[in-house]
Amino acid sequence: MSTRFHALALASTVTLAVIAVKFGAARLAARDVLADVLTSANLGIVGALAGLLAARVFLVMLVPAWMVFILARSAFPRRRLGPPEPPPPPCGFRVDSEGGPGPNG
Amino acid sequence: MRALILVVASFLVTLPILPRTLCGLGSEAWFRGDAAAQVPHGNALARVLRERATVPGPIYHTGDARFDGQATIATYQMAVMALGQLALQRPGEADGYLDTMNAAAERLADPETLTYAARVWGAHGVLRMEAREGHAYLGYVNLALGMLRLVDPKTRFAELNDRLTEELTARLDVSQNGLIETYPGETWPPDVAAVAGSIGLHATATHTNRSELLSRWGVRFARCAVGDSGYLVQRVRTGTCEALDAPRGSGTAIASYFLGFADQALSQRLYAALVLGERTLLGFGGIREYAPGFHGRGDVNAGPLLFGVSVGATGFGLGAARMNGDDAMYTRLFRTAMLFGVPAQVNDGEVFATGGTLGNALLLAMLTARAP
């Protein structure tokens, strides 16, 4: 996967996690979540609480490492391995549609 | 292979530095008692409790009368402790919290709040106590009344505070092992620490010297209820020192906080055991629930356990750390509290989104703990 792909994935995931934490925390802060947890009366709230904690841990623990990983990838690009590329054809020759060398004109 | 090395290297570089830095932001300000950190939480808690305390009866309705009553007592008590500690740090702003503190005290003194205790004792201890009865749960009520009195010496609850203190003092003074019952046949040393704390707080509020009495009591209490590890035994058989539960971090931490109001030396002794029971990872701290050599699954006092560390011991440990002036451990526990507490803005301040009313009252009391 390319560095650009990683950067894009990181940006979109972090955006989603930040939105989840921001809005999730605001919604949960407006009610007594402990009452929901203790009575299991509102499983949606209990699930939201679990999601909020997961998003918070993700943002704090994993995102910094992911950012550094992307930076490291771009700083130390992969060296190409495998057979050397064939030299360019000599001047005056072209590569024809059959793949073999042939005279011009 | 190269990708794996980069992933591992990225974690090695970031994990020891960034998470602890992010979650530790503001810990110094909290420890110092800066208004910018503490007041928004105090304002939000005061508003929520002021509204809630207009409704008599338990805050939670789980169907377990004992749990509902105890959770309600703990919520109102810890709210009064938190707001009182904030008010004492900033006397000019105390009036803003007094309405809530009075409303919470009203609920604490209301027999309807802890109907479970009234049922098992035959009468609510706030109204009547027989000489042979312990009623140690009243330590929590009396602690709140003492804090309220410290902030407002002319409080209308002064008479009740005097009467409860007198009754509870007499019981502690004659107890051979320093312990009294919470409910018939149930003796919980952390509750007795709350009783002692309330006597100490009353002494401070009324300028009475009870240090000798509390010091004598502390020797008997520690001999009976403090284990070899330094942790406080959670429960003993009534009238004896026989342990019915393990030495536990949650009870030790809350007792260290309570005893900060009564017997500094004993508070420090329990705190020293908590320091040994601390577990750290990447700069985040937590307190072991069970003393070395003991195992269990915790209970409602401990809350959820993770790798032997409990939410209760860690949260109460914050209060014990601030009470004992240990900013390093306070900061490590603070990081954990911030990671899982998730601070969030509300209209009139800030709250911990995952705490609910009880969690916010408890955490604010612990974060702002201080001996008067």
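These figures come from a predicted structure and were not determined experimentally.

### Details of the overall build of chain A
Part 1 of the argument: Of regular secondary structure, chain A possesses three helices and two strands.
Part 2 of the argument: Evaluated residue by residue, chain A yields a buried proportion of 29% over its 105 residues.
Part 3 of the argument: The long-range share in chain A, meaning contacts at least 24 apart out of those at least 6 apart in sequence, stands at 58%.
Part 4 of the argument: For chain A, the accessible surface area stands at approximately 7,400 Å², while carbon and sulfur atoms represent 68% of it.

### Examining helix α13 (residues 264-276) of chain B
Residue and element names in this part refer to chain B.
Part 1 of the argument: Counted at 1.5 Å a residue, the expected span for α13 with its 13 residues is 18 Å, and the 19 Å between its end C-alpha atoms agrees.
Part 2 of the argument: If you check which residues of α13 are buried, you get Leu-266, Ser-267, Leu-270, Tyr-271, Ala-273 and Leu-274. On an axial view of α13, the arc spanned by its buried residues comes to 155 degrees, and they lie on one face. Counted as exposed and oriented over 90 degrees from the buried face of α13: Ala-265 and Leu-276.

### Side note on the pairing of strand β4 (residues 284-287) of chain B
Residue and element names in this part refer to chain B.
Part 1 of the argument: Of the two faces of β4, the one holding Phe-284 and Gly-286 and the one holding Gly-285 and Ile-287 are both buried throughout.
Part 2 of the argument: Pairing geometry for strand β3 (residues 278-281) and β4, over four bridges, is antiparallel. Looking at β4, one finds that Arg-279 is bridged to Gly-286.
Part 3 of the argument: The antiparallel hairpin formed by β3 and β4 contains two residues in its connecting segment, where Leu-282 sits at a positive phi of about 55 degrees.

### Describing the environment of B:Arg297
Residues and elements named next belong to chain B.
Part 1 of the argument: Within the secondary structure layout, Arg-297 lies in the loop between β4 and β5 (305-306).
Part 2 of the argument: For the pair Arg-297 and Ser-310, spaced 13 residues apart in sequence, the C-alpha to C-alpha distance is 9.9 Å.
Part 3 of the argument: Not counting residues within four places of it along the chain, the set of residues in contact with Arg-297 comprises Tyr-290 and Leu-305.

### Some points on the confidence of the model for chain B
Part 1 of the argument: This prediction gives chain B a mean pLDDT of 94; 100% of its residues lie at or above 70.
Part 2 of the argument: The ipTM value of the predicted complex is 0.82, and its pTM value is 0.90.

### A word on the state of the cysteines
Among covalent bonds in proteins, the disulfide is the one between the sulfur atoms of two cysteines.
Residues and elements named next belong to chain B.
Part 1 of the argument: Counting across every chain of the model gives one disulfide over all chains.
Part 2 of the argument: Paired through a disulfide, Cys-224 and Cys-241 show a sulfur-sulfur distance of 2.1 Å. The disulfide joining Cys-224 to Cys-241 has a torsion of about -120 degrees about its S-S bond and is therefore left-handed. Placement of the pair is Cys-224 in helix α11 (residues 211-225) and Cys-241 in the loop between β1 (232-233) and β2 (247-248), with a sequence separation of 17 residues.

### Quick look at the packing of helix α8 (residues 138-151) of chain B against helix α10 (residues 189-206) of chain B
All names here are of chain B.
Part 1 of the argument: Closest axis-to-axis distance for the α8/α10 pair is 8 Å, and the angle between their directions is 20 degrees. In this view, α8 runs roughly parallel relative to α10, as classed from their interaxial angle. Taken as a pair, α8 and α10 cross one another with a handedness that is left-handed. Residues Gly-139, Tyr-140, Asn-142, Leu-143, Gly-146, Met-147, Arg-149 and Leu-150 of α8 form the contact with α10, whose participating residues are Pro-190, Asp-191, Ala-194, Val-195, Gly-197, Ser-198, Leu-201, His-202, Thr-204, Ala-205 and Thr-206.

### Remarks on unusual backbone geometry
Residues and elements named next belong to chain B.
Part 1 of the argument: A positive phi angle, close to 60 degrees, is found at His-135, a residue other than glycine.
Part 2 of the argument: With respect to the element layout, His-135 can be found in the loop between α7 (115-121) and α8.
Part 3 of the argument: Residue Phe-307 is not a glycine yet carries a positive backbone phi of 55 degrees.
Part 4 of the argument: For Phe-307, the location among the structural elements is in the loop between β5 and β6 (309-310).
Part 5 of the argument: Classification of Phe-307 by relative accessible area gives exposed; the value is 81%.

### Side note on the pattern of salt bridges
As a working rule, side chains carrying opposite charge can pair if their charged atoms are close by.
Residue and element names in this part refer to chain B.
Part 1 of the argument: Scanning the model with the defined rule gives 16 salt bridges over all chains in all.
Part 2 of the argument: Linking Arg-248 and Asp-299 is a salt bridge whose minimum nitrogen-to-oxygen distance equals 2.6 Å. With a gap of 51 residues between them, Arg-248 in strand β2 and Asp-299 in the loop between β4 and β5 connect regions that are remote in the sequence.
Part 3 of the argument: Relative accessible area serves as the criterion here: at 27%, Asp-299 is assigned to the partly exposed category.
Part 4 of the argument: Taken together, the shared-partner salt bridges connect Asp-245, Arg-248, Glu-289 and Asp-299 into one network.

Cut-off values and rules
- Residues numbered from 1 in each chain as written.
- Chains lettered and ligands numbered in written order.
- Predicted model: local features only at pLDDT ≥ 70, side-chain atom pairs only at ≥ 80, totals over all residues.
- Heavy atoms only, no water.
- Helix = DSSP H or I, 4+ residues; strand = E, 2+ residues; numbered from the N terminus.
- Buried < 20%, exposed > 50% of the residue type's maximum accessible area, 1.4 Å probe, protein only.
- Contact = heavy atoms within 4.5 Å.
- Areas by Shrake-Rupley, 256 points an atom, 1.4 Å probe, with all protein chains shown as cover.
- Expected span 1.5 Å × (residues − 1).
- Arc of directions from axis to C-beta.
- Pairing = 2+ DSSP bridges.
- pLDDT = per-residue confidence, 0-100.
- Disulfide = S-S within 2.5 Å.
- Axes fitted to C-alpha atoms, helices over the stretch in contact; angles between N-to-C directions.
- Parallel < 35°, antiparallel > 145°, perpendicular 65-115°, else oblique.
- Left-handed = near helix turned anticlockwise from the far one by under 90°.
- Salt bridge = Lys/Arg side-chain N within 4 Å of Asp/Glu carboxyl O.

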